[in-house]
Amino acid sequence: MNKENNEFKPLSFWRELLLKDKELCEYYLQKRKYEFENGKILKGLKWRDKLHPVLLSLIRLNRKFIARQNLTVINDNRIESDKPVIYAITHIGMYDYQIVSEAIEDHQYPFAGDPETMYRSGDGLILSLNGLIYCDTNSKEDRYIASETSKELLNIGENLLIYPEGIWNLSPNLLSLPLFPGIINMALETGCDIIPVAVEQYDKEFYVNIGKNIKIKNYEIDNENIKEYVNEQKENLRNTLASLKWEILESRPMEERKNLGPYEEELKNFVNTRLNEWKNPKTKQPYYDEQILHERRFREKFVHFSEDVYSYLKNIKLSKENAFMFRNDNSLPIEIQKEIKEKLKSR
């Protein structure tokens, strides 16, 4: 990109390799804008459709013989549609896309909201061959470009794959996080069905549950009611995804509580295992942490997460003098309750 006249000029593959990570992110952000404005963003559709079976075979071979993972599809209740579909996937960790792609088999374009982790990775290479839609979620302009590109793909007959939760769901008690409304708006504008898909991981065991098509009205709705309708359908989709995930849980064998470790330890191990699956090859640090996951959640008005409700505790220094004020509050996080008890003992 020429900084003097702000005119974008695509770089060669070798020049791209010389860019630092931040420079590469900015370069691709500008490249997507350039390609969108010049009608170049939807290229190679036919050969990507033909290449899909080959990539799917590679994904399957990698799962079986390299990653040594097992895949079980407990239900597939899809109804054949005469139009493209939008696959709505629950998001649990690093391997979701590979597992779900193999389970649904159809060629689809994934909506990737974490491009900075994939530009120079093996996963990014596979996805670029398959075809994908990158979106820098921090850029309003890039979100618009990604949304318009997604709708254009649907309108010309290509399937889409979206994680409507927006980020990995590592919550200990929510089967599905609140959903972003974009997927409903896309279905509404294109008349495409949404197919809900739940995925769960237990170490190297993966379970996929594919639900029935959800049909979104594609006729014009009164502007005064459109927002209410979108929210209604968003909750319907969220409830459906939660139900599909619950069916996976019910398909698993029961585990006696005595065979499990302390709750806090089990939860910590689960979260750390998921986060450590996807590390920056240079720093060897996980791309995500719990704070990033929390910040990227969709926030409904008047609905608050427990982390937000108790955020004031970060500014309070517990001591033996003030611990008594919180001693009867059993709704506090368990680790805080433990600290309070220790302070009270020392009084």
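Rules behind the numbers
Residues numbered from 1 in each chain as written. Predicted model: local features only at pLDDT ≥ 70, side-chain atom pairs only at ≥ 80, totals over all residues. Heavy atoms only, no water. Pairing = 2+ DSSP bridges. Helix = DSSP H or I, 4+ residues; strand = E, 2+ residues; numbered from the N terminus. Buried < 20%, exposed > 50% of the residue type's maximum accessible area, 1.4 Å probe, protein only. Phe/Tyr/Trp six-rings, centres within 6.5 Å; stacked < 30°, edge-to-face > 60°. Lys NZ or Arg CZ within 6 Å of the ring centre and 35° of its normal. Axes fitted to C-alpha atoms, helices over the stretch in contact; angles between N-to-C directions. Left-handed = near helix turned anticlockwise from the far one by under 90°. Contact = heavy atoms within 4.5 Å. Nonpolar A, V, L, I, M, F, W, Y, C, P; charged D, E, K, R; others polar.

Caption draft 1: Structural detail: the sheet that holds strand β4 (residues 133-134). Read across the open sheet, the seven strands follow the order β1-β7-β6-β2-β5-β3-β4; overall the sheet is mixed. The open sheet has two edge strands with one neighbour each: β1 (70-76) and β4. Two elements, strand β2 (residues 85-89) and strand β6 (residues 193-202), share five bridges in a ladder whose sense is parallel. Pairing of A88 across the sheet is with P196, part of β6.

Caption draft 2: Examining the pairing of strand β7 (residues 205-210) more closely. Within β7, five of the six residues are buried, leaving the element largely enclosed by the surrounding structure. Both β6 and β7 contribute to a ladder of six bridges, which runs antiparallel. Residue pairing across strands places E200 opposite Y207, the latter belonging to β7.

Caption draft 3: Quick look at the packing of aromatic side chains. Using the criterion set out here, one finds 14 aromatic pairs in the structure. Pairwise contacts between aromatic rings join F8, Y27, Y28, Y34, Y119 and Y134 into one cluster. Note that R252 overlies the ring of Y202, its terminal NZ or CZ placed 4.0 Å from the centroid.

Caption draft 4: Structural context of the packing of helix α3 (residues 45-66) against helix α4 (residues 96-104). Packing of α3 against α4 leaves a shortest axis separation of 10 Å and a crossing angle of 120 degrees. Of the two possible hands of crossing, α3 and α4 adopt the one that is left-handed. Facing L56, I59, R60 and R63 of α3, the residues of α4 in contact are Q98, I99, S101 and E102. A per-class count over the contact of α3 with α4 returns three nonpolar, two polar and three charged.

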